[in-house]
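As a plain string of letters, each chain reads:
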Amino acid sequence: DLPALRAARLTMSQTFPLPADLWLQWLHDEQRADAPNLPTLAARATTESYLSIPLWLARLNIAAHHPNAREVFELALSTAGLSYPDGLAVWQQYLDWETDPDRRNAIQSRLASVPLRGNGPPHAQREAHERAVN
């Protein structure tokens, strides 16, 4: 019974900080129900929870289909994209979503200056990006 579960989750989230896995389950259930408030709930989840890359990736999947998607992706970069161990996934999701070549190039240029695990040293990334552009 989704309405009862929704009410219970809402009450609990107003009383206690929910862990990321509970937010992810809530978002998944609301997404399956095609809830109209999904972007608002996803924003609340990333705001009220501790930093969670999977939670941010879920929010980006939801935002990708809405008019303010670029704004949400930029927020994700400044919030979760700087996480050394997992931030690269946020950058990659933005690059996968972006279709404009100039904007993709600008994102890749910014990424080249951020030290992230799996991204290599920033100076090497910057040099590789410059070689690819020129």
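Residues numbered from 1 in each chain as written. Predicted model: local features only at pLDDT ≥ 70, side-chain atom pairs only at ≥ 80, totals over all residues. Heavy atoms only, no water.

### Quick notes on the overall build of the protein
Counted only if it meets this: Secondary structure elements follow DSSP: runs of H or I no shorter than four residues count as helices, runs of E no shorter than two count as strands, and numbering proceeds from the N terminus. Each residue's exposure class comes from its accessible area (1.4 Å probe, protein chains only) as a fraction of the maximum for that residue type: buried when under 20%, exposed when over 50%, partly exposed otherwise. Any two residues having at least one pair of non-hydrogen atoms within 4.5 Å are treated as being in contact.
Scanning the protein from N- to C-terminus turns up eight helices and zero strands. Taken from N to C terminus, the helices and strands of the protein fall in the order α-α-α-α-α-α-α-α. Split into buried and exposed, the 134 residues of the protein put 34% on the buried side. When contacts within the protein are restricted to residue pairs at least 6 apart in sequence, long-range pairs at least 24 apart make up 45% of them.

### Details of the pattern of salt bridges
Put simply, the rule reads: Salt bridges, as used here, are contacts in which a Lys or Arg side-chain nitrogen is within 4 Å of a carboxyl oxygen on Asp or Glu.
Per the stated rule, a full pass over the model turns up six salt bridges. Where R44 meets E48, a salt bridge forms, and the shortest distance between an N and an O atom there is 2.9 Å. On the criterion of helical spacing, the pair formed by R44 and E48 is a turn pair, its members being four residues apart in helix 3 (residues 38–48). Through salt bridges with shared partners, a single network forms among R9, D29 and R32.

### Section: the nonpolar core
We count it as follows: For this analysis, a nonpolar core means a set of buried residues of the types Ala, Val, Leu, Ile, Met, Phe, Trp, Tyr and Cys, connected via side-chain atoms within 4.5 Å.
L60, V90 and W91 are the most contacted members of the largest nonpolar core, which totals 18 residues. Within the residue set of this core, elements represented by two or more residues are helix 4 (53–63), helix 5 (69–79), helix 6 (87–97) and helix 7 (101–111). If you tally residues by element for this core, the top one is helix 5, at five residues. Residues contacting W91, with those up to four places away along its chain left out, are L77, G81, I107, R110, L111, V114 and L116. In this structure, W23, L38, L55 and I62 belong to the second largest nonpolar core, which totals 11 residues.

### Topic: the packing of helix 1 (residues 2–15) against helix 2 (residues 20–32)
Quick reminder of the rule: Every axis in this analysis is a line fitted to C-alpha atoms, fitted for helices over the stretch in contact. Angles between the N-to-C directions lie between 0 and 180 degrees. Crossing handedness: left-handed means the near helix sits turned counterclockwise from the far one by under a right angle, and right-handed means the same turn made clockwise. Gly falls in the polar group here, along with every residue not listed as nonpolar (Ala, Val, Leu, Ile, Met, Phe, Trp, Tyr, Cys, Pro) or charged (Asp, Glu, Lys, Arg).
Orientation of helix 1 relative to helix 2, taken along the N-to-C sense of each, is 150°, at an axis distance of 11 Å. Between helix 1 and helix 2 the crossing geometry is left-handed. On helix 2, the residues touching L2, L5, R6, R9, L10, M12 and S13 of helix 1 are L22, W23, Q25, W26, D29 and E30. For the contact of helix 1 with helix 2, the residue count by class is seven nonpolar, two polar and four charged.

### Remarks on the packing of aromatic side chains
Here is the rule we go by: Any Phe, Tyr or Trp ring, taking Trp's six-membered ring, that has another such ring centre within 6.5 Å forms a pair; planes under 30 degrees apart are called stacked, those over 60 apart edge-to-face, and the others tilted.
Per the stated rule, a full pass over the model turns up four aromatic pairs. Their ring planes at 15° and their centres at 4.9 Å tell us that F73 and Y94 sit as a pair that is stacked. Of the two residues, F73 is situated in helix 5 and Y94 in helix 6; the sequence distance between them amounts to 21 residues. The class for Y94 is buried, based on a relative accessible area of 2%. Each ring, one from F73 and one from W97, has its centre 4.9 Å from the other, and the planes form 25°; the classification is stacked. Linking F73 in helix 5 with W97 in helix 6, this pair joins segments that are 24 residues apart in sequence. Classification of W97 by relative accessible area gives partly exposed; the value is 24%. Three or more aromatic residues joined by ring pairs make a cluster, and in this case those are F73, Y94 and W97.

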